[in-house]
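Observations on the three-dimensional arrangement
So you can see what is in the structure, the chains are spelled out below.
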Amino acid sequence: MKVVKQHSEFMDIAYEVAGGSNCRRRQVGAVIVRNEQILMTSSNGTPTGITFCRDGGCQRCLSGTDTGDLYESCLCTHAEQTAIARAAQEGVSIDGATLYCTLRPCLTCVKLCLEAGVLHIVYDQYIKFRAEVENAYARFTRDTRLNLVKRSKTT
């Protein structure tokens, strides 16, 4: 993957965007970039029309469930999911783009990025998933064209 000077700038923007999250558990930001132009930004939290997570809108987040468990009952959308959905809604192609995210994406978000045409994912904070998810994650990133890297503090 080509390392560009703007890595840290785009990640800084992802952290700024994360400040707009309405999730009570974790604030995550995502920035989708192509040709050094920002195409879309987003944070995680409950979707439009649902009570903010921080105000009790998501029972999973209220429950204190372990990271990686009970996603099927979570009402929050991940920053990556929301950014991709908003790009689609606004007719913005993200084919060939890079997604910068403050947190290592879950396997579902990685799959969604690939299907949406994102070629590179750069994340900052590492999160470890259950062993079976880690195995699937490793296989997916090995067998696809998606380049997923943890940001180096020097870029």
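Preceding block: the structure.
Residues numbered from 1 in each chain as written. Predicted model: local features only at pLDDT ≥ 70, side-chain atom pairs only at ≥ 80, totals over all residues. Heavy atoms only, no water.

This part takes up the pattern of salt bridges. Applying the stated rule across the entire model yields 5 salt bridges. Between D124 and R151 there is a salt bridge, with the nearest N and O atoms lying 3.3 Å from each other. In this pair, D124 sits in strand β4 (residues 120-125) while R151 sits in the segment after β5 (147-150), placing the two residues 27 residues apart along the sequence. By relative accessible area, which is 5% here, D124 ends up buried. (Salt bridge = Lys/Arg side-chain N within 4 Å of Asp/Glu carboxyl O. Helix = DSSP H or I, 4+ residues; strand = E, 2+ residues; numbered from the N terminus. Buried < 20%, exposed > 50% of the residue type's maximum accessible area, 1.4 Å probe, protein only.)

Attention now goes to the packing of helix α4 (residues 107-116) against helix α5 (residues 131-143). When two helices pack together, their arrangement is given by the angle between their axes and by how far apart the axes lie. Interhelical geometry of α4 versus α5 gives an angle of 20 degrees and a closest axis separation of 10 Å. Regarding the angle of α4 to α5, the classification is roughly parallel. Here α4 and α5 pass one another in a crossing that is left-handed. Residues L107, V110, K111 and L114 of α4 form the contact with α5, whose own contacting residues are V133, A136, Y137 and F140. When its residues are assigned to classes, the contact of α4 with α5 shows 7 nonpolar, no polar and 1 charged. (Axes fitted to C-alpha atoms, helices over the stretch in contact; angles between N-to-C directions. Parallel < 35°, antiparallel > 145°, perpendicular 65-115°, else oblique. Left-handed = near helix turned anticlockwise from the far one by under 90°. Contact = heavy atoms within 4.5 Å. Nonpolar A, V, L, I, M, F, W, Y, C, P; charged D, E, K, R; others polar.)

A few words now on the packing of helix α3 (residues 79-89) against α4. Two elements in contact, α3 and α4, have axes whose closest approach is 9 Å; the angle formed by their N-to-C orientations is 25 degrees. Between α3 and α4, the angle is such that the two are roughly parallel. In this structure, α3 crosses over α4, and the sense of that crossing is left-handed. Across from E80, Q81 and I84 in α3, the residues of α4 making contact are T108, C109, L112, C113 and A116. Considered class by class, the residues forming the contact of α3 with α4 number 5 nonpolar, 2 polar and 1 charged.

Here we come to the sheet that holds strand β2 (residues 37-43). In a beta sheet, neighbouring strands are held together by backbone hydrogen bonds and run either parallel or antiparallel to one another. Read across the open sheet, the 5 strands follow the order β2-β1-β3-β4-β5; overall the sheet is mixed. With partners counted over all chains shown, the strands left at the sheet margins are β2 and β5, one partner each. Strand-to-strand twist across the sheet, computed as the mean angle between neighbouring axes with direction ignored, equals 20 degrees. Pairing analysis gives 4 bridges linking β4 to β5, with the strands arranged parallel. The residue of β5 that forms the bridge with Y123 is K150. Packing against the sheet, helix α1 (residues 7-18) makes contact with β1 (29-34), β2, β3 (98-103) and β4, and its axis sits at approximately 140 degrees to β1. (Pairing = 2+ DSSP bridges.)

What follows concerns the packing of aromatic side chains. Evaluation of the coordinates by the stated rule reveals 2 aromatic pairs. Sitting over the face of the ring of Y137, R104 holds its NZ or CZ atom 4.0 Å from the ring centroid. (Phe/Tyr/Trp six-rings, centres within 6.5 Å; stacked < 30°, edge-to-face > 60°. Lys NZ or Arg CZ within 6 Å of the ring centre and 35° of its normal.)

Most of β1 is tucked away, with 5 of its 6 residues classed as buried. In the sheet, β1 pairs with β2 via 6 bridges, with the strands oriented antiparallel. Within the sheet, the bridge partner assigned to G29 lies in β2 and is S43. Between β1 and β2, which pair antiparallel in sequence order, lie 2 residues; one of them, N35, sits at a positive phi of approximately 50 degrees. With 4 bridges joining them, β1 and β3 adopt antiparallel strand pairing. When the bridges of β3 are listed, I32 appears paired with L99.

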